[in-house]
Amino acid sequence: MRRLEIIEYSMIELIDPTGILTGIRYEFRIYVKFDEEDELYNEKGTGIRVIYAVDEGEGKLASYHLFDRATEQVLDFDLEDNEIAQLAAFCEEHLEEE
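Residues numbered from 1 in each chain as written. Predicted model: local features only at pLDDT ≥ 70, side-chain atom pairs only at ≥ 80, totals over all residues. Heavy atoms only, no water.

**Student:** Honestly, the nonpolar core in this entry has me stumped. Any pointers?
**Tutor:** Soluble globular proteins tend to pack their nonpolar side chains together in the buried interior. With 17 residues, the main nonpolar core has F28, I30, I48, V50 and L87 as its most contacted residues. Counting residues per element, the ones that place at least two in this core are strand 2 (24–33), strand 3 (46–55), strand 4 (58–68) and helix 1 (81–97). The contact partners of I30, leaving out residues within four places of it in the chain, are I6, E8, Y9, T46, G47, I48, V50, L87, F90 and C91. (Core = buried A, V, L, I, M, F, W, Y, C linked by side-chain atoms within 4.5 Å. Buried < 20%, exposed > 50% of the residue type's maximum accessible area, 1.4 Å probe, protein only. Helix = DSSP H or I, 4+ residues; strand = E, 2+ residues; numbered from the N terminus. Contact = heavy atoms within 4.5 Å.)

Printed below as a string of structure tokens:
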């Protein structure tokens, strides 16, 4: 079982110009470090773009995708359930700090 080593992140609030979506959406760009033996290892770094939604006080990870930090090219990999839970907890914790 691998644990994500988060080395850097940024966060912005996304504005829904249509007003269709309820709640608030945030985009997190989370940069992680993987062991050299891991299939997700990239010398220049790997990022995860997370959309985190908060509606009526409840937060959830709405979507995510991994990308190559140098090229921004999307990587076709899924994270394990424990890694997704770690990302959701990270986002929740950092929203509370704001």
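**Student:** I tried to follow the side chain of D38 on my own but got confused; where do I start?
**Tutor:** Here D38 is to be found in the loop between strand 2 and strand 3. Residue class for D38 comes out buried when judged on its relative accessible area of 17%. In terms of polar contacts, D38 uses its side chain to reach the backbone amide nitrogen of L40, at 2.8 Å. (Polar contact = N/O pair within 3.5 Å; in protein donor to acceptor, adjacent residues only side chain to side chain.)

**Student:** Teacher, can you tell me more about unusual backbone geometry here?
**Tutor:** Among all residues save glycine, negative phi is the norm, and among peptide bonds the norm is trans. Even without being glycine, E56 reaches a positive phi, approximately 55°. Structurally, E56 is set in the loop between strand 3 and strand 4. We classify E56 as exposed; its relative accessible area is 79%. Unusually for a residue other than glycine, E72 sits at a positive phi of about 65°. Given a relative accessible area of 43%, E72 falls into the partly exposed group.

**Student:** What is the right way to read the pairing of strand 3 from this model?
**Tutor:** Note on strand geometry: in a regular strand, side chains alternate between the two faces of the sheet. Taking burial as the measure, the 10 residues of strand 3 include 7 buried ones, the bulk of the element. Here strand 2 runs beside strand 3; their pairing, made up of 9 bridges, is antiparallel. If you follow E27 over to strand 3, its bridge partner there is I51. Summarising the sheet, strand 3 and strand 4 pair through 10 bridges and their orientation is antiparallel. Residue pairing in the sheet places I51 in a bridge with S63 of strand 4. Connecting the antiparallel pair strand 3 and strand 4 is a turn made up of 2 residues, with E56 showing a positive phi of about 55°. (Pairing = 2+ DSSP bridges.)

**Student:** Help me out: how do you make sense of helix 1 in this one?
**Tutor:** Quick reminder: α-helices carry 3.6 residues per turn. Residues three or four places apart thus point the same way. An ideal rise of 1.5 Å per residue puts 24 Å on 17 residues; helix 1 measures up with 25 Å between its terminal C-alpha atoms. Within helix 1, the full set of buried residues consists of E83, Q86, L87, F90, C91, H94 and L95. Taken end-on, helix 1 shows its buried residues confined to a sector of 165°, consistent with a single buried face. Across helix 1 from its buried face, at more than 90 degrees, point the exposed residues D81 and E96. Against the buried residues of helix 1 lie strand 1 (5–14), strand 2, strand 3 and strand 4. (Expected span 1.5 Å × (residues − 1). Arc of directions from axis to C-beta.)

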